[in-house]
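Architecture at a glance
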Amino acid sequence: MKRCLLFFSLIVCFVFVLSCRKSAVPGFIYVPGFDFEVMTSQGTSSNNFTEVWMYKDEQPLGVFALPALIPVIHDGKAEIKFFAGIKNNGISDTRIRYPFITAFDTTLVFIPGNTDTIVPHFKYEELCTIEQQGFESGNFLVELAGNGGTFSAVTDDNLVFEGNRSGMGSLNSGAGKIYFKDDTNRDFIGGEMYFLEMNYSCNNKMSVGLLVTEAGGITKELALIVNPTQSIDGAPVWKKIYVDFGAIPQKHPQALFYEWYIESIPDAPNKAVELYLDNLKWVKWQ
């Protein structure tokens, strides 16, 4: 009988604890947005951080699109961290913490029912390196065999994203395809992370990838097909994307060097193509 009473008491206590947890009043963190600071040597502050990853006392609480009102079951002091999140390769199903951005951390004293407002402040990690490529000094892309289009630096305020110039590729109806490369020889290492940040606009799909030079010749490796942002008759609709190039060097451990290329083949017969680029940044660890 005593054992039955003890067992019953334990069940009552367990149910009581669960009911207390379920009825606990959360505190809230309101995150209306974020700040992103860049140094002069790091180029544009343009970004496409689509959400924040939140941790409390080193434990993950979730991924939140902004603005966000985040409930937190806690009474008292806690360490809070936010990380900048991106859509890797612009794909919604591949959201990641962008590795080259510092965490924003702070300490809060939570009071159930209260709301604290936080605006995370992000910047690049000190141990990453950024190679900028823009069009302020003119076009740096060179045409490849099979190209039928043109690429140039334009100064029209209606076409330029930032600064005085942006890059513009164009293809007349029936002229083949746009096919250019940056002939900078890059020494990528398998297993390392390499991202290309890029502002772009296009009325047609475009491909970006690497031309891999090895002792036996050149291999063309596609990294991503980028979807259009505008119609053929529209003004540039600019977007920002983070393209992950890390997988390609892993496939080519004996590569001598890599060159970045862009290609756009009309997705409809006799379609004229326009694409725009600006603020290219190669980001990697030192």
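Look up a bit, the structure's there.
Bear in mind the structure is a predicted one, so any value in this text is a computation, not a measurement.

Counting across every chain of the model gives 10 salt bridges. Measuring nitrogen to oxygen at the nearest pair gives 2.7 Å for the salt bridge that ties Glu 263 to Lys 220. One end of the pair, Glu 263, is in strand 20 (residues 257-264); the other, Lys 220, is in strand 18 (residues 217-226), with 43 residues separating them in the sequence. The class of Glu 263 is buried, set by a relative accessible area of 7%. Between Lys 251 and Glu 221 there is a salt bridge, and its shortest N-O distance comes to 3.0 Å. Highlighted residues: Lys 251 in helix 2 (residues 247-251) and Glu 221 in strand 18, separated in sequence by 30 residues. According to the relative accessible area criterion, Glu 221 is buried, its value standing at 11%. Several salt bridges converge on common partners, so that one network encompasses Glu 131, Asp 182 and Arg 186.

Under the definition given, this model contains 23 aromatic pairs. Between Phe 100 and Phe 195 the ring centres are 6.0 Å apart and the planes differ by 80 degrees, which places this aromatic pair in the edge-to-face class. Taken together, the residues span a long stretch of sequence, with Phe 100 in the loop between strand 7 (95-97) and strand 8 (104-110) and Phe 195 in strand 16 (residues 194-202) at a distance of 95 residues. Judged by relative accessible area, Phe 195 falls into the buried class, the value being 1%. Ring geometry for Phe 188 against Tyr 194: centres 4.2 Å apart, planes inclined by 35 degrees, an arrangement best described as tilted. Like Phe 188, the residue Tyr 194 is buried in the burial classification. By the ring-pair criterion, three or more aromatic residues cluster together here, those being Phe 34, Phe 36, Phe 49, Tyr 98, Phe 100, Phe 122, Tyr 124, Phe 195, Tyr 242 and Trp 285. Above the plane of the ring of Phe 83 lies Arg 97, whose end atom (NZ or CZ) is 3.7 Å from the centre.

Each value, and the rule that gives it
- Residues numbered from 1 in each chain as written.
- Predicted model: local features only at pLDDT ≥ 70, side-chain atom pairs only at ≥ 80, totals over all residues.
- Heavy atoms only, no water.
- Salt bridge = Lys/Arg side-chain N within 4 Å of Asp/Glu carboxyl O.
- Helix = DSSP H or I, 4+ residues; strand = E, 2+ residues; numbered from the N terminus.
- Buried < 20%, exposed > 50% of the residue type's maximum accessible area, 1.4 Å probe, protein only.
- Phe/Tyr/Trp six-rings, centres within 6.5 Å; stacked < 30°, edge-to-face > 60°.
- Lys NZ or Arg CZ within 6 Å of the ring centre and 35° of its normal.

Taken by themselves, the reported measurements are silent on function.
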